Amino acid sequence: AMKFSGYLKVRIGEAVGLQPTRWSLRHSLFRKGYQLLDPYVTVSVDQVRVGQTSTKQKTNKPTYNEEFSATVTDGHQIELSVFHDTPIGYDDFVANCTLHFQDLLRSAAPSDTFEGW
């Protein structure tokens, strides 16, 4: 498997279509079947967190436009995860996505950027 060593810059733009979690529904004051999250996104390289966005309040389509940089050595994958910020205990997992450096490098010129997820 191809590994990546170098400078990584990730911009988190927005998230759309986030689904409420069981916790958020259970603790909702608005029990009309639809619950807004307090979401934030984490950026990890091979299970090591390299960035975390701010938390946006009461939205299932947050806009962040926040950028994170990391120096990577022999990196296999980037993982983006969305969590719901809960007032007590562990935050609630909402969604995640894993990108393999191998797939990004194989189809890329050095100056390419990737938009997706």
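Residues numbered from 1 in each chain as written. Predicted model: local features only at pLDDT ≥ 70, side-chain atom pairs only at ≥ 80, totals over all residues. Heavy atoms only, no water.

1. What to know about the nonpolar core
Turning to step 1, where the next piece is worked out: Grouped together as the largest cluster of nonpolar side chains are 19 residues, with contacts concentrated most on Leu8, Ile12, Leu18, Val43, Val72, Ile78 and Phe101.
Turning to step 2, where the next piece is worked out: Broken down by secondary-structure element, the contributors of at least two residues to this core are strand S1 (4-14), strand S2 (39-45), strand S4 (63-75), strand S5 (77-84) and helix H2 (101-106).
Turning to step 3, where the next piece is worked out: In terms of residues, this core owes the most to one element, S1, which gives 4 residues.
Turning to step 4, where the next piece is worked out: The residues contacting Ile78, other than those within four sequence positions of it, are Leu8, Val43, Ser44, Cys97, Thr98, Leu99, Phe101 and Leu104. (Core = buried A, V, L, I, M, F, W, Y, C linked by side-chain atoms within 4.5 Å. Buried < 20%, exposed > 50% of the residue type's maximum accessible area, 1.4 Å probe, protein only. Helix = DSSP H or I, 4+ residues; strand = E, 2+ residues; numbered from the N terminus. Contact = heavy atoms within 4.5 Å.)

2. A word on the sheet that holds strand S6 (residues 92-100)
Hydrogen bonds along the backbone pair up the strands of a sheet, which may run parallel or antiparallel.
Turning to step 1, where the next piece is worked out: Spatial strand order, S3-S2-S5-S6: 4 strands in an open sheet with antiparallel pairing. This sheet does not close on itself; its edge strands, each paired only once, are strand S3 (48-52) and S6. The average undirected angle you get between the axes of adjacent strands in this sheet is 25°.
Turning to step 2, where the next piece is worked out: Pairing analysis gives 8 bridges linking S5 to S6, with the strands arranged antiparallel. (Pairing = 2+ DSSP bridges. Axes fitted to C-alpha atoms, helices over the stretch in contact; angles between N-to-C directions.)

3. Overview of the environment of Gln102
Turning to step 1, where the next piece is worked out: With respect to the helices and strands, Gln102 occurs in helix H2.
Turning to step 2, where the next piece is worked out: Every residue in contact with Gln102, bar those within four places of it in the chain, is listed here: Ala1 and Met2.

4. Quick word on the environment of Ala70
Turning to step 1, where the next piece is worked out: Summarising the element assignment, Ala70 is placed in strand S4.
Turning to step 2, where the next piece is worked out: Classification of Ala70 as buried rests on a relative accessible area of 11%.
Turning to step 3, where the next piece is worked out: Setting aside anything within four residues of it in sequence, one finds Ala70 in contact with Gly6, Tyr7, Leu8 and Val50.

5. Notes on the environment of Phe101
Turning to step 1, where the next piece is worked out: One can find Phe101 in helix H2.
Turning to step 2, where the next piece is worked out: Judged by its relative accessible area of 3%, Phe101 falls in the buried class.
Turning to step 3, where the next piece is worked out: Through-space distance from the C-alpha of Phe101 to that of Phe4 is 6.2 Å; in sequence the pair is 97 residues apart.

6. Focus on the packing of aromatic side chains
Turning to step 1, where the next piece is worked out: Scanning the model with the defined rule gives 3 aromatic pairs in all.
Turning to step 2, where the next piece is worked out: A ring pair is formed by Phe83 and Phe93, whose centres lie 6.0 Å apart and whose planes are at 75°; its orientation type is edge-to-face. In this pair, Phe83 is assigned in strand S5 and Phe93 in strand S6, connecting sequence segments 10 residues apart.
Turning to step 3, where the next piece is worked out: Looking at Phe83, the relative accessible area reads 18%, which means it is buried.
Turning to step 4, where the next piece is worked out: Classification of Phe93 as partly exposed rests on a relative accessible area of 45%.
Turning to step 5, where the next piece is worked out: Within the aromatic cluster, the residues linked to one another by ring pairs are Tyr40, Phe83 and Phe93. (Phe/Tyr/Trp six-rings, centres within 6.5 Å; stacked < 30°, edge-to-face > 60°.)

So yeah, pure geometry; function would need other evidence.
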